[in-house]
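Residue strings, one per chain:
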Amino acid sequence: MPKNVSKILKQTTDKIYIKESTTGAEPSWAAADEIGYTDETSLVIESKKAVQTEGGGASIQVNSDFSVKMNALQVLDQSTILALKNKNVWIMVKPSGTVSATNQEIKVKNILLNVEPKIDASKNNKSVLVLSAEKSEYDEANVYAFASSSTTVS
C-alpha cells in the first residue's frame, strides 16, 4: 500500500459521455450523448503484454493488448448505445466536482465498441449493459488519457 493514501485514485463519476469518431481523432464533444451512471466498477482498463520470442529464447514485448470494460447502471439512451455497436467511439468519464489534478477526466480513445445486454431482475443486479472493447497498441497513450482540465460538453 502506498505510504501517501492521497495518491490513490479515488473518484466519483458524475457523467459519462460517448461520441462516434469516424476519423479516429478526438471528436467535438458538442452534442455528445450522455450515456448514464455506473457502479463502483465504473471503468476498468487492463493490459496484457504481447510478446515475440526470439530464437535465443529472449521475449520482446511488441505490443499490449488492452481491454476496456464499463458496467452501466443506468443508460439514459439505450438506443444510442445500440446504434454505436461496432463503431469507433471515444468515451469521456466526468468526475463529480471540479476537474483538477486530483479529480481528473478520463478519456478512452478511439475504441471499437461492443455492447452486451445484461437483463437480470434479481435483487443484487446493478448492470443493464456492459460496454467493452479490445485494442492492441504499443503506446497506452493511444488508448486512454487523464485530463486535469475540463472538456466542454454542450
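Each remark here, short or long, concerns the structure printed above.
Residues numbered from 1 in each chain as written. Predicted model: local features only at pLDDT ≥ 70, side-chain atom pairs only at ≥ 80, totals over all residues. Heavy atoms only, no water.

Student: Help me understand the pairing of strand E6 (residues 105-112) in this model?
Tutor: Moving residue by residue along a regular strand, the side chains alternate between the two faces of the sheet. Pairing of strand E5 (residues 88-95) with E6 involves 5 bridges; the strand directions are antiparallel. Considered in E6, the bridge of Val-89 is made with Ile-111. As paired strands, E6 and strand E9 (residues 144-147) are joined by 4 bridges and run antiparallel to one another. Opposite Glu-105, over in E9, you have Ala-147 as the bridge partner. (Pairing = 2+ DSSP bridges. Helix = DSSP H or I, 4+ residues; strand = E, 2+ residues; numbered from the N terminus.)

Student: What exactly am I supposed to notice about the nonpolar core here?
Tutor: Nonpolar side chains tend toward joint burial in soluble globular proteins. Ranked by size, the top nonpolar core spans 18 residues in total, and within it Ile-18, Ile-81, Val-89, Ile-91, Leu-113 and Leu-131 carry the most contacts. Put simply, the parts of the chain that give this core at least two residues each are strand E1 (13-20), strand E4 (59-74), E5, E6 and strand E8 (129-137). When residues no more than four places from it in sequence are discounted, the contact partners of Ile-18 are Trp-29, Ala-32, Asp-33, Ile-35, Ile-81, Leu-84, Val-89, Trp-90, Ile-91 and Leu-113. Counting residues in each nonpolar core, the second largest holds 5 residues, with Trp-29, Ala-32, Trp-90 and Met-92 among its members. (Core = buried A, V, L, I, M, F, W, Y, C linked by side-chain atoms within 4.5 Å. Buried < 20%, exposed > 50% of the residue type's maximum accessible area, 1.4 Å probe, protein only. Contact = heavy atoms within 4.5 Å.)

Student: Looking at this model, I keep getting lost on the pattern of salt bridges. Mind explaining?
Tutor: Oppositely charged side chains can form a pair if their charged atoms are brought close together. The full count for this structure, using the stated rule, is 2 salt bridges. For Glu-26, the salt bridge identified is with Lys-107, shortest N-O distance 2.7 Å. Residue Glu-26 is located in the loop between E1 and strand E2 (33-38), and its partner Lys-107 is located in strand E6; the two are separated by 81 residues in the primary sequence. Of the residues examined, Lys-107 reaches a relative accessible area of 10% and is grouped as buried. (Salt bridge = Lys/Arg side-chain N within 4 Å of Asp/Glu carboxyl O.)

Student: Would you mind showing me how to read the packing of aromatic side chains here?
Tutor: What characterises a pair of aromatic rings is the spacing of the ring centres plus the angle enclosed by the ring planes. Counted by the stated rule, this structure contains 1 aromatic pair. Centre to centre, the rings of Tyr-144 and Phe-146 are 6.1 Å apart; their planes meet at 85°, and the pair counts as edge-to-face. A relative accessible area of 41% places Phe-146 in the partly exposed class. (Phe/Tyr/Trp six-rings, centres within 6.5 Å; stacked < 30°, edge-to-face > 60°.)

Student: I'm lost on unusual backbone geometry in this one. Help?
Tutor: Glycine aside, residues mostly have negative phi angles, and peptide bonds mostly take the trans form. The phi dihedral of Asn-86 is positive, around 65°, even though this residue is not glycine. Position of Asn-86 among the secondary structure elements: in the loop between helix H1 (78-83) and E5. Residue Asn-86 is classed as exposed on the basis of its relative accessible area, which comes to 52%. A positive phi angle, close to 45°, is found at Asn-110, a residue other than glycine. Along the chain, Asn-110 turns up in strand E6. On the basis of relative accessibility, which here comes to 21%, the residue Asn-110 falls in the partly exposed class.

Student: Would you take a moment to explain the side chain of Asn-63 for this structure?
Tutor: Along the chain, Asn-63 turns up in strand E4. Within the structure, the side chain of Asn-63 is placed 2.7 Å from the backbone nitrogen of Tyr-138, a separation counted as a polar contact. (Polar contact = N/O pair within 3.5 Å; in protein donor to acceptor, adjacent residues only side chain to side chain.)

Student: How do you make sense of the environment of Ile-106 when you look at a structure like this?
Tutor: Relative to the helices and strands, Ile-106 resides in strand E6. Ile-106 sits in the buried class, given a relative accessible area of 13%. Taking C-alpha positions, Ile-106 is 9.6 Å from Ile-16, a pair spaced 90 residues apart along the chain.

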